[in-house]
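# Overview (structure and organization)
What follows is the residue order along each chain.
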Amino acid sequence: MREYRGVPSADGSAIAIVAARFNPGVTERLVQGARAALDEHGIDDVDLAWVPGAFEIPIVARRFATSGRYAAVICLGAVIRGETAHFELVANAAAQGIARVALETGVPCIFGVLATEDLAQAESRAGGSQGNKGWEAAGSALEMGGLLADIDRDLG
């Protein structure tokens, strides 16, 4: 039996980050967490694109993923429940769009978009008591990059 476990690696490729500007107090900290994790792994070839909100993340993620330049795309944002159904529409569209980009391109597109009930929950996940989900997303990106590289090497 052959077993594959992702060892964090960008396999010599760059990493892209797509981050939503909406809820900047949260998303900027998610980006800082992702950058810190990438720095810790010696990844310095990183491109960052800021989009208006989480709804716009998938189109830029797709542009990065289809370029052939990136081992993974880290998608970061914060959608906080309000008084209308808008929260659910945006969170669902972001999740489905990011998943579709990953499946269609074969490039790991990591879902680091927070969908929280309130600002306090978002803040606790952006460097607060729940850690930094940007850091975790970067770790997942590197792990998936390494895992797919290993599989491709064996199946190639």
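You'll find the structure just up there.
This text gives an overview of the structure that appears in the document.

## Section: helix H5 (residues 133-155)
- Here H5 is 23 residues long and its end C-alpha atoms lie 32 Å apart, about the 33 Å a rise of 1.5 Å per residue gives.
- The set of residues buried in H5 consists of Gly134, Ala137, Ala138, Ala141, Leu142, Gly145, Gly146, Leu147 and Ala149.
- Where H5 is buried, its residues contact strand E1 (14-20), helix H1 (24-40), strand E3 (70-80), strand E4 (109-116) and strand E6 (131-132).

## What to know about the pairing of E1
- Of all seven residues in E1, seven are buried; the element is thus mostly enclosed.
- Alternating residues of E1 divide into Ala14, Ala16, Val18 and Ala20 and Ile15, Ile17 and Ala19, and every residue in both groups is buried.
- Here six bridges tie E1 to E3, and the two strands are oriented parallel to one another. Across the sheet, Val18 pairs through a bridge with Cys75, a residue of E3.
- Relative to strand E2 (residues 46-51), E1 runs parallel, the two sharing six bridges. Counterpart to Val18 in the pairing with E2 is Ala49.
- Each parallel crossover has a hand, and for E1 linked through H1 to E2 it is right-handed.

Criteria and thresholds
Residues numbered from 1 in each chain as written. Predicted model: local features only at pLDDT ≥ 70, side-chain atom pairs only at ≥ 80, totals over all residues. Heavy atoms only, no water. Helix = DSSP H or I, 4+ residues; strand = E, 2+ residues; numbered from the N terminus. Expected span 1.5 Å × (residues − 1). Buried < 20%, exposed > 50% of the residue type's maximum accessible area, 1.4 Å probe, protein only. Contact = heavy atoms within 4.5 Å. Pairing = 2+ DSSP bridges. Right-handed = clockwise from strand over helix to strand, strands pointing away.

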